[in-house]
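Structural characterization, general
Residues per chain, in single letters:
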Amino acid sequence: MHPPGIKELDEWFGGDYRFISAGYFYSEKIHLSAEQNEGATDIFFFNEDRSYEPFKAEYLPPDEWIVEKFMLMFGINDQESRNYMTQLKDSIIKGQEYPGMISISIKKEINIAAVYSDLKRTTSNSSISPTTGEVGFKKHSTMGTKR
């Protein structure tokens, strides 16, 4: 999807780019990734230190951090965000297909403008670097984020 109304991104990439994913690092090794699909978003939490073992609830950031990120990313209220967090924790109990990560699917699209604005506000340095392929680019936050 092409996010409307983000002038800076339009200037960087032109009018024909597509948004695929966004993410937040809670710590150097624990991060949230959201991948946009048609009509839904797949949410992943990764523990890079424990990529060889099942993801455990203790690896998750604090509940309030997760709730805040879900509210921001999807424009939802506190209770709906907590319901998704419960689904996320339930997926840990049920087990995971891949070690070192857990995932759920949320039938909502990411509010790209809100995430972009939040990343600009909370990161102290960003850069653009190519992704795979000749025409892909990715905006990276290279300094720590405020929690």
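Residues numbered from 1 in each chain as written. Predicted model: local features only at pLDDT ≥ 70, side-chain atom pairs only at ≥ 80, totals over all residues. Heavy atoms only, no water.

1. Details of the pattern of salt bridges
This model, assessed by the stated rule, comprises 8 salt bridges. Asp63 is paired through a salt bridge with Lys89; the nearest N and O atoms lie 2.6 Å apart. Of the two residues, Asp63 sits in helix H2 (residues 63–74) while Lys89 sits in helix H3 (residues 78–94), which places them 26 residues apart along the sequence. The partly exposed category is assigned to Asp63, whose relative accessible area is 31%. (Salt bridge = Lys/Arg side-chain N within 4 Å of Asp/Glu carboxyl O. Helix = DSSP H or I, 4+ residues; strand = E, 2+ residues; numbered from the N terminus. Buried < 20%, exposed > 50% of the residue type's maximum accessible area, 1.4 Å probe, protein only.)

2. Overview of the sheet that holds strand S2 (residues 30–37)
What the 4 strands build is an open sheet, ordered S1-S2-S3-S4; its pairing is antiparallel. Unpaired on one side and paired on the other, strand S1 (21–25) and strand S4 (101–106) mark the two borders of the sheet. For this sheet, the mean angle separating the axes of adjacent strands, direction not counted, is 15°. Examined bridge by bridge, S2 and strand S3 (residues 40–47) share 8 bridges and lie antiparallel to one another. Directly across from Glu35, in S3, lies its bridge partner Asp42. (Pairing = 2+ DSSP bridges. Axes fitted to C-alpha atoms, helices over the stretch in contact; angles between N-to-C directions.)

3. Re the side chain of Asp118
Relative to the assigned elements, Asp118 resides in helix H4 (residues 112–122). Relative accessible area serves as the criterion here: at 5%, Asp118 is assigned to the buried category. Each residue touching Asp118, except ones within four places of it in the same chain, is listed here: Tyr24, Lys69 and Leu72. (Contact = heavy atoms within 4.5 Å.)

4. Remarks on the nonpolar core
Ile43 and Phe45 are the most contacted members of the largest nonpolar core, which totals 32 residues. If you list the elements that add at least two residues to this core, you get S1, S2, S3, H2, H3, S4 and H4. In terms of residue count, H2 provides more of this core than any other element does, 6 residues in total. The residues contacting Phe45, other than those within four sequence positions of it, are His31, Leu32, Phe55, Leu60, Pro61, Trp65, Ile66, Leu88, Gly100, Met101 and Ile102. (Core = buried A, V, L, I, M, F, W, Y, C linked by side-chain atoms within 4.5 Å.)

5. A closer look at H2
Its 12 residues give H2 an end-to-end C-alpha distance of 16 Å, which sits within 8% of 16 Å, the value for a rise of 1.5 Å per residue. Among the residues of H2, Trp65, Ile66, Val67, Lys69, Phe70, Met73 and Phe74 are the ones counted as buried. Buried residues along H2 sit against S1, S2, S3, H3, S4 and H4. Directly beyond the C-terminal end of H2, a positive phi value near 65° is found at Gly75. (Expected span 1.5 Å × (residues − 1).)

6. Overview of the environment of His31
Tracing the backbone shows His31 in strand S2. Along the backbone, His31 and Phe45 are 14 residues apart, and their C-alpha atoms lie at a distance of 5.7 Å. Aside from chain neighbours lying at most four places away, what touches His31 is Tyr24, Phe25, Tyr26, Phe44, Phe45, Phe46 and Glu48. Polar contacts involving the side chain of His31 include one to the side chain of Glu48, which spans 2.8 Å. (Polar contact = N/O pair within 3.5 Å; in protein donor to acceptor, adjacent residues only side chain to side chain.)

7. Brief notes about the pairing of S3
The element S3 is extensively covered by neighbouring structure, given that 6 of its 8 residues are classed as buried. In this antiparallel pair of consecutive strands, S2 and S3, the connection spans 2 residues, and Gly39 shows a positive phi of 75°. Pairing between S3 and S4: 6 bridges, direction antiparallel. Within S4, the position partnered with Ile43 by the bridge is Ile104.

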